[in-house]
Amino acid sequence: MEDMKTIYQVGGTLCRDFTGQISYTVCLDQTYRELDIEFTFGPRHFSPGDVSEALKKELLDYCKKEYGLAPSSPEELEHAIYHEMKTEIHTIATLNGTFIGGIHRQLETRHMYFSPEEATEGCIPQPCIEGVLRVTVLAFSVLLDNTAYTLTVRAR
Amino acid sequence: MYKRLELHNHTTESDASFNCRELIDFFLADGVDGFALTDHNTISGNPKMRRIIEENHLPIEFIPGMEYTTYYGHILCLNLTEYVPWEDINRHKPELLFRAASAKGALTGIAHPYSFGWPFAKGCRFEMEMTDYSCCDFIEIFNNLEPLHQVNEPALRLWENLVFSGHCLAATCGMDLHGSTPLAGHYGTYIEGEKGGDIARELEHAIKNMRTWVSRGALLLADPEDGAIRFAVQQTGKPGYTPHPEQYRIALRTAAGQGECSPGDVIAVSEFAPGTVLIPELFENDTALENLICVAPPIRLR
């Protein structure tokens, strides 16, 4: 993405348990041949310092009540908490109201690249990049307060 | 002929390990007749699949689709030709999204309604308040890799109860394939069709008329005629399934309970009240869920 012009950058923080989306609309100042949307967020998983005994109990109680799950060992519980539970954020882009791509892969740094000939998997090549770009950040699950994210739109 | 379909699959266009060509080759190697691409919240793979199949004259049929992966549940869309925005979904009015996709010609269904959701994967469990099932075409009663009793059994019972109460909902199943998991031993969805027939139309007819079979390899045929229900079992040759016809048992499930019989029995329609909905299910050995071989299309008695 070197040599591409940054035409928009924004960041923010999400609070625990936020569900919903935040959309950013960029009125492109000219016709571009290439577009790259970079999204980063973190942390994705719990760290030991995040998990109090009260939170552990809350998670255990929920999984038992909702799914009938009860870990068979402390190791299994640790694995579930630190590896299987996750903050999950998707990104979707539209151009002039038409869907041009969505990224479901849970990468903490991801790109959505578009040109007339190619595009990142999950995205659709665009013959003409002009008009109104809308990027939507979709927060499915946020485990922790102060989960940070940055969105950068670059073009050439 | 009966077409074996795999209706729930992902590629690297969303979060799986197969790319489009690899997924096609995987299904060709197992003798699948047709498959749907249901990547999470993207349709980018649909034109790639069509191009690969057409350019290489591959003997497999393709159903474009997507899995609407929302905060409150996953909705499978089949025969989907364009993206329908879902982001403004209201968990109290999911019918709006179902209808929006249907208006574009798609068949819509609830995927793995009882999967585990938050804090593992929020949205995997269907938590929407569905009050009007007329906008929904099918329910995925077996998501093959999910736990049988915790996830798939309640999905099967949900579908049965909705059908018993008069809803027209087809049953489907899927691998929810994200990689090279063997298909042997798992359920596939079967529909009636013609060799070289239009798979989109055949699928629509099957779904809209509840003419789907969910089976590990043997199809239970049960049609009422002349006041009696007679049965037949057709083998499909699905790899990994070894038939044991001598062990077959049939459960006839109704809202009132379950009766059992053998494939050679003839059941008088008069045994049931007019309007009764029957769901015939084929088992081996006994009718424990672990031994379920096939869920046949429901029969609505006149």
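Residues numbered from 1 in each chain as written. Chains lettered and ligands numbered in written order. Predicted model: local features only at pLDDT ≥ 70, side-chain atom pairs only at ≥ 80, totals over all residues. Heavy atoms only, no water.

## What to know about the interface of chain A and chain B
- Contacts between the two partners involve 31 residues from chain A, matched on the other side by 29 residues from chain B.
- Both sides of the chain A and chain B interface together cover about 2,600 Å² of buried area, and 59% of this is carbon and sulfur.
- The largest per-residue losses of area from chain A upon contact with chain B belong to Tyr67(A), His104(A) and Phe140(A), which jointly make up 25% of the total buried on that side.
- Scanning the region where chain A abuts chain B turns up 0 salt bridges.
- Counting the contacts that link chain A with chain B gives 17 residue pairs in polar contact (both at pLDDT 80 or more).
- Elements represented by at least two residues in the side of chain A that touches chain B include exactly β2 (20-27), α1 (53-67), α2 (74-84), β4 (88-95), β5 (98-103) and β7 (132-141) of chain A. (Contact = heavy atoms within 4.5 Å. Buried area = accessible area lost by both parts, 1.4 Å probe. Salt bridge = Lys/Arg side-chain N within 4 Å of Asp/Glu carboxyl O. Polar contact = N/O pair within 3.5 Å; in protein donor to acceptor, adjacent residues only side chain to side chain. Helix = DSSP H or I, 4+ residues; strand = E, 2+ residues; numbered from the N terminus.)

## Looking at the packing of aromatic side chains
- This model, assessed by the stated rule, comprises 19 aromatic pairs over all chains.
- Ring centres of Phe140(A) and Trp86(B) lie 6.1 Å apart, and the angle between their planes is 55°; this geometry places the pair in the tilted category. Within this pair, whereas Phe140(A) is found in strand β7, its partner Trp86(B) is found in the loop between β4 (73-78) and α3 (95-103), the two belonging to separate chains.
- A relative accessible area of 0% places Phe140(A) in the buried class.
- Ring pairs connect the aromatic residues Tyr62(A), Tyr67(A), Phe116(B), Trp118(B) and Phe120(B), which therefore count as one cluster. (Phe/Tyr/Trp six-rings, centres within 6.5 Å; stacked < 30°, edge-to-face > 60°. Buried < 20%, exposed > 50% of the residue type's maximum accessible area, 1.4 Å probe, protein only.)

## Side note on the nonpolar core
- Of all hydrophobic cores here, the largest spans 49 residues; its most connected members are Tyr68(B), Trp86(B), Ile141(B), Phe142(B) and Trp159(B).
- Ranked by residue count, the leading element in this core is helix α4 (residues 148-164) of chain B, at 6 residues.
- In this view, Phe142(B) contacts Leu148(B), Asn152(B), Leu156(B), Thr172(B), Cys173(B), Gly174(B), Tyr187(B), Val214(B), Leu289(B) and Leu292(B); residues no more than four positions away in its chain are not counted.
- Counting residues in hydrophobic clusters, the runner-up holds 28 residues, among them Ile100(A), Met112(A), Phe114(A) and Tyr149(A). (Core = buried A, V, L, I, M, F, W, Y, C linked by side-chain atoms within 4.5 Å.)

## What about the confidence of the model for chain A?
- Averaged over all residues, the pLDDT of chain A equals 93, while 100% of them reach at least 70.
- Per-element confidence in chain A ranges from a low mean pLDDT of 85 for α2(A) to a high of 98 for strand β8 (residues 147-155) of chain A. (pLDDT = per-residue confidence, 0-100.)

## Things to note about the pattern of salt bridges
- This structure, assessed with the given rule, holds 25 salt bridges over all chains.
- Lys5(A) is paired through a salt bridge with Asp29(A); the nearest N and O atoms lie 3.5 Å apart. Taken as a pair, Lys5(A) in strand β1 (residues 5-14) and Asp29(A) in the loop between β2 and β3 (35-42) lie far apart in primary sequence, 24 residues in all.
- In this structure Lys5(A) comes out as partly exposed when scored by relative accessible area, which is 37%.
- Glu61(B) is paired through a salt bridge with Lys3(B); the nearest N and O atoms lie 3.0 Å apart. You can see Glu61(B) sitting in strand β3 (residues 61-70) and its partner Lys3(B) sitting in strand β1 (residues 2-6), a full 58 residues away along the chain.
- The network of salt bridges with shared partners includes Glu153(B), Arg157(B), Glu160(B) and Arg253(B).

## Topic: the domain arrangement of chain B
All names here are of chain B.
- By domain assignment, chain B separates into domain 1 (2-214) and domain 2 (221-300).
- Between the C-alpha centres of domain 1 and domain 2 the distance comes to 25 Å.
- The partner domain 2 presents 23 residues to the 28 residues of domain 1 that form the contact.
- When the two sides are added together, the surface that domain 1 and domain 2 hide from each other amounts to roughly 2,200 Å², 62% of it contributed by carbon and sulfur.
- Linking domain 1 with domain 2 are 2 salt bridges.
- A salt bridge links Glu160 to Arg253, with the nearest nitrogen and oxygen atoms 2.8 Å apart.
- Applying the counting rule to domain 1 against domain 2 returns 7 residue pairs in polar contact (both at pLDDT 80 or more).
- Looking at the side of domain 1 that touches domain 2, the elements with two or more residues in it are β1, β6 (138-143), α4, β8 (188-192) and β9 (213-215).
- For the side of domain 1 that touches domain 2, a count of residues per class yields 15 nonpolar, 7 polar and 6 charged. (Domains from an automatic or database assignment. Nonpolar A, V, L, I, M, F, W, Y, C, P; charged D, E, K, R; others polar.)

## Quick look at the sheet that holds β8(A)
Residue and element names in this part refer to chain A.
- On the basis of which strands lie adjacent, the open sheet formed by 4 strands has the order β1-β8-β3-β6 and antiparallel pairing. The sheet is open, and its two borders are formed by β1 and β6 (109-114), each paired with just one other strand. For this sheet, the mean inter-axis angle between neighbouring strands, taken without regard to orientation, is 10°. (Pairing = 2+ DSSP bridges. Axes fitted to C-alpha atoms, helices over the stretch in contact; angles between N-to-C directions.)

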